[in-house]
Amino acid sequence: PAEAVEEPAPASPGTRSECRRILLVHDDPAAHRVVSALFGPAGHSVETIRSGEQGLQEVGKGGFDLIIADARMMAGPAELFVQAFTAAWPALAQRLIVADRPLNPRDLHARAAQIFASTPPSSPASTAAR
């Protein structure tokens, strides 16, 4: 008789078992195309915000499983989005990927897989898609 598997393997960004909600805070349209091409085929929802201030407002509404932010994105005249984000939501810092330019799809995919494996879906759309 076959033995039962103790634990299912964690879902990667390429599986449809867990559709995640992703926020991209980046002002480059090419970054949106890269992130959408990387995560869209797996059924993940990618929302793009092109300013740090708007990004903070969207994060404040909740429900994002992953936040990808340009390392240079500002959230005000003297504060980086990443600094404002981690100050406002330290518990969500584990869901943040700080991306350099140009975006590296392989690194994004690997880091997202780690985050998805270690954090449960947070949005209603994520759990409804199961």
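As a reminder, the structure under discussion sits directly above these lines.
Structural notes, computed from the coordinates. All values derive from a computational prediction rather than experimental measurement.

## What to know about the pairing of strand S4 (residues 96–99)
Note that strand S3 (residues 66–70) and S4 share four bridges and pair parallel. Its bridge partner lying in S4, Ile67 is registered against Leu96. For the crossover that starts at S3, traverses helix H3 (residues 81–88) and ends in the parallel S4, the hand is right-handed.

## A word on the pattern of salt bridges
Pairing is possible between side chains of opposite charge, provided their charged atoms come close. Using the criterion set out here, one finds six salt bridges in the structure. Measuring nitrogen to oxygen at the nearest pair gives 2.7 Å for the salt bridge that ties Glu47 to Arg21. Here the residue Glu47 occupies a position in strand S2 (residues 45–49), and Arg21 occupies one in strand S1 (residues 21–25), the gap between them amounting to 26 residues. The exposure class assigned to Glu47 is partly exposed, which follows from its relative accessible area of 24%. Across the pair Lys61 and Glu58 runs a salt bridge, and its minimum N-O distance is 2.8 Å. In this pair, Lys61 and Glu58 both sit in helix H2 (residues 52–61), three residues apart, roughly one turn of the helix. What makes Lys61 exposed here is its relative accessible area of 64%. The network of salt bridges with common partners includes Arg20, Asp65 and Arg95.

Conventions and cut-offs
Residues numbered from 1 in each chain as written. Predicted model: local features only at pLDDT ≥ 70, side-chain atom pairs only at ≥ 80, totals over all residues. Heavy atoms only, no water. Pairing = 2+ DSSP bridges. Helix = DSSP H or I, 4+ residues; strand = E, 2+ residues; numbered from the N terminus. Right-handed = clockwise from strand over helix to strand, strands pointing away. Salt bridge = Lys/Arg side-chain N within 4 Å of Asp/Glu carboxyl O. Buried < 20%, exposed > 50% of the residue type's maximum accessible area, 1.4 Å probe, protein only.

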